[in-house]
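# Secondary and tertiary structure notes
This is what each chain is made of:
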Amino acid sequence: MKNDFIADVSHEFKTPLSVIQNYATMIQEPDLDEEKRQEYARVLCDTSKNLSELVSNILKLNKLENQQIFPEKKPFNLSEQLCECMLVYEAQFEKKNIDIELDLDENLIIKADYDLLLHVWNNLFSNAIKFNREGGKIELTLEKQGRFAVVKVKDTGCGMTRETSEHIFEKFYQGDNSRSTQGNGLGLALVKRVIDITGGDI
């Protein structure tokens, strides 16, 4: 498993490093026009950002999987946390003209690790934007069911096949290869690990 993980990580690093190397070479061309130079610079920035995110997620996942983590459980208002987290993505919603529909139990207090759950909501919200269509909609609901707080995130995006749904929590798995440059296939693996640690279910 360790050898497989190292092989996967090496493969994931290879593509962005190759992109950075190629564009860094092209941007040095003396007769390159300014428009192309700006375009290449944007690609370099985006790719290096993705690479940085990949490293960060690998470190987070390694910490969650290989160290004994004891969640710091404290009571807090889950509805407020969800709203605050959603506001972070306001500019992205507007850019893609996505409507947000909320149905939240405003008085639902839970006892959990606030920071760990932020990883979950950030990943689910960013995915709901990334895979949504222009002018689409995201529905966020929160309700109490027995002793559980149930959060649902629904979007009007492309959906997923049965095969994809069976593998979404695997490291580096990406069901939609056309969007592979927008992520690294570690987000939902992190989400699953956090949910397991905090005693929840997804």
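Right above here is the structure, for reference.
So, here's what we can say about the structure. Nothing here was measured: the structure is a model prediction, and the numbers come from that model.

Counting secondary structure elements, the protein contains seven helices and five strands. The order of α-helices and β-strands along the protein, N terminus first, is α-α-β-α-α-β-β-α-β-β-α-α. Buried positions account for 31% of the 202 residues belonging to the protein. Across the protein, every contact between residues at least 6 apart in sequence was considered, and the portion connecting residues at least 24 apart equals 70%. Of the accessible surface of the protein, which amounts to about 13,300 Å², a share of 49% is contributed by carbon and sulfur atoms.

Time to look at the side chain of asparagine 123. The topology assignment puts asparagine 123 in helix H5 (residues 114-130). When its relative accessible area of 13% is taken as the criterion, asparagine 123 is described as buried. Not counting chain neighbours up to four residues away, the residues in contact with asparagine 123 comprise Gly187, Leu188 and Val191.

This part takes up the sheet that holds strand E4 (residues 137-145). As summarised here, the arrangement of the three strands in space is E2-E4-E5, forming an open sheet in which the pairing is mixed. On the outer flanks of this sheet lie strand E2 (99-104) and strand E5 (148-155), each paired with one strand and no other. Strand-to-strand twist across the sheet, computed as the mean angle between neighbouring axes with direction ignored, equals 10°. Two strands pair when backbone bridges link them, and E4 and E5 are joined in this way by eight bridges, in the antiparallel orientation. Looking at E5, one finds that leucine 142 is bridged to valine 151. This element, helix H3 (residues 78-87), spans E2, E4 and E5 of the sheet and lies at about 170° to E2.

The next subject is the pairing of E4. Taken together, the six bridges between E2 and E4 define a ladder with parallel strand orientation. In the sheet register, isoleucine 100 faces E4, and the bridge partner there is isoleucine 138. Two successive antiparallel strands, E4 and E5, enclose a turn made up of two residues, where glycine 146 displays a positive phi of approximately 65°.

Scoring rules and cut-offs
- Residues numbered from 1 in each chain as written.
- Predicted model: local features only at pLDDT ≥ 70, side-chain atom pairs only at ≥ 80, totals over all residues.
- Heavy atoms only, no water.
- Helix = DSSP H or I, 4+ residues; strand = E, 2+ residues; numbered from the N terminus.
- Buried < 20%, exposed > 50% of the residue type's maximum accessible area, 1.4 Å probe, protein only.
- Contact = heavy atoms within 4.5 Å.
- Areas by Shrake-Rupley, 256 points an atom, 1.4 Å probe, with all protein chains shown as cover.
- Pairing = 2+ DSSP bridges.
- Axes fitted to C-alpha atoms, helices over the stretch in contact; angles between N-to-C directions.

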